Amino acid sequence: MTLKVLNFPDGFTSATAPVELGGAIIVYDVESIIVSGSVSSSLTIGFQQRPVIGDGGAVTTANDVFGSVGGWLNGTQITLIGTDDTNTVTIPFSNTAYGCLVNGNATLENGYTLTLQWNETIERWFEISRNF
Amino acid sequence: MKLLVDTLTSEHEQIFSLTNDTRYILEEIKTYLYMHNAPAGTFTVTLYRNDVELASKSFTSADIKASLNTDNNYIHVFYPLDFGFTPLSKGTYKIKLTSSGYTFSESAYLAWVKEFESIYQEFSSAIPLVTDYPYSFRLIMNTNRELT
């Protein structure tokens, strides 16, 4: 079951897509991350759960872990989940545009989670929680 | 207006009950659908009683658009399907939405709208989980036609 909350504003015409709101949690398939690579993300889903695994070994993502295009819904929350004890994925601390203000680099082993929240004004991802 | 929709990936089904000791003649089932960018494929609504198929109707995205006489691709609608005077009686039924030649993608999909409480179910004081909200549909009965 994949639920979406769609907003049909006043004056909506069926010629364009309604805006997808962040009420639903979308769970994605495990994504393989390359060294200095980015993790995929949706610009229109407010709550995303994204399992990750290092591509061929332990990797550290780029500082802009979700890329530098921007445009996420303000307040978008993404939970990253590690899926392997060897092929880990490290999210680096980076106080630069589109970077993550995490409480120290976060290395995601199997079952480790890191939840980040986007602030459009500050242009940073903030650590909300981790389970390790 | 906001709608909670469940995207069609394989199939959706909704159980409902008719509780009165009355014989019904079903004319139409109107499932409340959201069509996102006119996905390809054929969709089928099938009515079951005790897992026995009573009747089914198929449609496409083009049919939805034609029913509204529009070329637009983002439509939410109680889409009427003619079930040709299917006789029903007190009992429990199931409506299933399936597809063929269709694959879900974020850019084009069909979804079934959910509602807080079905008008065909007994009211409950318990607040259901969002995931348990029933799929929205309407049954159009013909109350003037006699069974033959």
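Next up on the list: the overall build of chain A. In terms of helices and strands, chain A carries zero helices and twelve strands. Its helices and strands in sequence order give chain A the pattern β-β-β-β-β-β-β-β-β-β-β-β, from N to C terminus. When the 132 residues of chain A are sorted by exposure, 44% land in the buried category. As displayed, chain A offers around 6100 Å² of accessible surface, 49% of which is attributable to carbon and sulfur atoms.

Let us look at unusual backbone geometry. All names here are of chain A. Its identity as a non-glycine residue notwithstanding, Glu123 has a phi of 60 degrees, on the positive side. Tracing the sequence through the fold places Glu123 in the loop between strand S11 (113–119) and strand S12 (124–130). Classification of Glu123 as partly exposed rests on a relative accessible area of 32%.

Here the focus is the sheet that holds strand S5 (residues 52–60) of chain B. Residue and element names in this part refer to chain B. Ordered in space as S2-S7-S4-S5, the four strands form an open sheet in which the pairing is antiparallel. At either end of the open sheet lies a strand with only one pairing partner, and these are strand S2 (12–18) and S5. For this sheet the average axis-to-axis angle between neighbouring strands, irrespective of direction, equals 20 degrees. Summarising the sheet, S2 and strand S7 (residues 91–100) pair through seven bridges and their orientation is antiparallel. Residue Ile15 lies in a different strand from S7, and its bridge partner there is Lys94.

Quick look at the side chain of Lys65 of chain B now. Residues and elements named next belong to chain B. Mapped onto the elements of the fold, Lys65 is located in helix H1 (residues 61–67). For Lys65, which is buried and forms no salt bridge, the nearest opposite charge comes from Asp71, at a distance of 5.3 Å. What Lys65 contacts, discounting residues up to four positions off in sequence, is Met35, Ala38, Thr70, Asp71, Asn72, Asn73 and Ile75.

The subject of this paragraph is the sheet that holds strand S10 (residues 106–108) of chain A. Residue and element names in this part refer to chain A. An order of S6-S8-S10 is seen for the three strands of this open sheet, with the pairing classed as mixed. The sheet is open, and its two edges are formed by strand S6 (59–60) and S10, each paired on a single side. Of the strand pairs in this sheet, strand S8 (residues 89–91) and S10 are connected by three bridges, and their pairing is antiparallel. Paired with Val89 across the strands is Leu108, a residue of S10.

Each side of the interface is counted separately: chain A has 16 residues, and chain B has 22 residues. Its largest share of buried area at the contact with chain B, chain A owes to Leu3, Lys4 and Phe8 of chain A, together 36% of the area lost on that side. Linking chain A to chain B there are one salt bridge. With a closest N to O distance of 2.7 Å, Glu106 of chain B and Lys4 of chain A form a salt bridge. Taken together, the connections running from chain A to chain B amount to seven residue pairs in polar contact (both at pLDDT 80 or more).

The rules behind these values
- Residues numbered from 1 in each chain as written.
- Chains lettered and ligands numbered in written order.
- Predicted model: local features only at pLDDT ≥ 70, side-chain atom pairs only at ≥ 80, totals over all residues.
- Heavy atoms only, no water.
- Helix = DSSP H or I, 4+ residues; strand = E, 2+ residues; numbered from the N terminus.
- Buried < 20%, exposed > 50% of the residue type's maximum accessible area, 1.4 Å probe, protein only.
- Areas by Shrake-Rupley, 256 points an atom, 1.4 Å probe, with all protein chains shown as cover.
- Pairing = 2+ DSSP bridges.
- Axes fitted to C-alpha atoms, helices over the stretch in contact; angles between N-to-C directions.
- Lys, Arg positive; Asp, Glu negative; His and termini not counted.
- Salt bridge = Lys/Arg side-chain N within 4 Å of Asp/Glu carboxyl O.
- Contact = heavy atoms within 4.5 Å.
- Buried area = accessible area lost by both parts, 1.4 Å probe.
- Polar contact = N/O pair within 3.5 Å; in protein donor to acceptor, adjacent residues only side chain to side chain.

Geometry only, nothing functional implied.
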